[in-house]
Amino acid sequence: MSDNDVALKPKTKTKPKLDKPKLYKVILFNDDFTPREFVIVVLKAVFRMSEEAGYRVMMTAHKLGSCVVVVCTKDIAETKAKEAMDFGKEAGYPLMFTAEPEE
Ligand code: TYC
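Definitions and limits used
- Residues numbered from 1 in each chain as written.
- Predicted model: local features only at pLDDT ≥ 70, side-chain atom pairs only at ≥ 80, totals over all residues.
- Heavy atoms only, no water.
- Near = heavy atom within 4 Å.
- Polar contact = N/O pair within 3.5 Å; in protein donor to acceptor, adjacent residues only side chain to side chain.
- Helix = DSSP H or I, 4+ residues; strand = E, 2+ residues; numbered from the N terminus.
- Nonpolar A, V, L, I, M, F, W, Y, C, P; charged D, E, K, R; others polar.
- Expected span 1.5 Å × (residues − 1).
- Buried < 20%, exposed > 50% of the residue type's maximum accessible area, 1.4 Å probe, protein only.
- Arc of directions from axis to C-beta.
- Contact = heavy atoms within 4.5 Å.

**Considerations on the site of the ligand**
Then comes step 1: As a structural note, the neighbourhood of the ligand is formed by Leu28, Phe29, Asn30, Asp31, Thr34, Arg36, Val39, Met58, Ala61 and His62.
Then comes step 2: Here a nitrogen atom of the ligand and a backbone polar atom of aspartate 31 are 2.7 Å apart.
Then comes step 3: At 2.9 Å, a side-chain N or O of histidine 62 approaches a nitrogen atom of the ligand.
Then comes step 4: Listed by contribution, the elements that provide at least two residues to the shell around the ligand are β1 (23–29), α1 (36–47) and α2 (51–64).
Then comes step 5: No other element matches the three residues that α2 contributes to the shell around the ligand.
Then comes step 6: Looking at the shell around the ligand residue by residue, the classes come out as five nonpolar, three polar and two charged.

Below is the structure:
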């Protein structure tokens, strides 16, 4: 071995394997009372959606009964679902969001 050679040692340290955090879906549910435009306003304010994305999510919930809004960590999902429901409550609408673990 010359002075310039580098002795390559096999890596002995292994990174500890961290469990992936479980992901949660925020789900929007249809109701008969909340105005469509109000649902879009909430989706834009709480989930930072564009008008177009908000319209699509709102219409999907309107037609099918529910729609996944976002998938994220438990903390964020629960906070956003509550924030969005509070907007509805404040305005007197029964707007419903839940945070549910992904299978
Ligand atoms: N169904 C409501 C209406 O016709 C609109 C609406 C859409 C409400 C989606 C909630 O998650 C919802 N005014």
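**Some thoughts on helix α3 (residues 74–91)**
Then comes step 1: A rise of 1.5 Å per residue sets the reference length of α3, with its 18 residues, at 26 Å; its end C-alpha atoms lie 26 Å apart and thus fit the reference within 8%.
Then comes step 2: Among the residues of α3, those classed as buried are Ala77, Ala81, Ala84 and Gly88. Take α3 and look down its axis: the buried residues cluster within an arc of 70 degrees, on one side only. The outward face of α3, more than 90 degrees from its buried face, is lined by the exposed residues Asp75, Lys82, Lys89 and Glu90.
Then comes step 3: Its buried side turned inward, α3 meets β1, α1, β2 (66–73) and β3 (96–101).
Then comes step 4: Glycine 92, located one to two residues past α3, shows a positive phi value of around 85 degrees.

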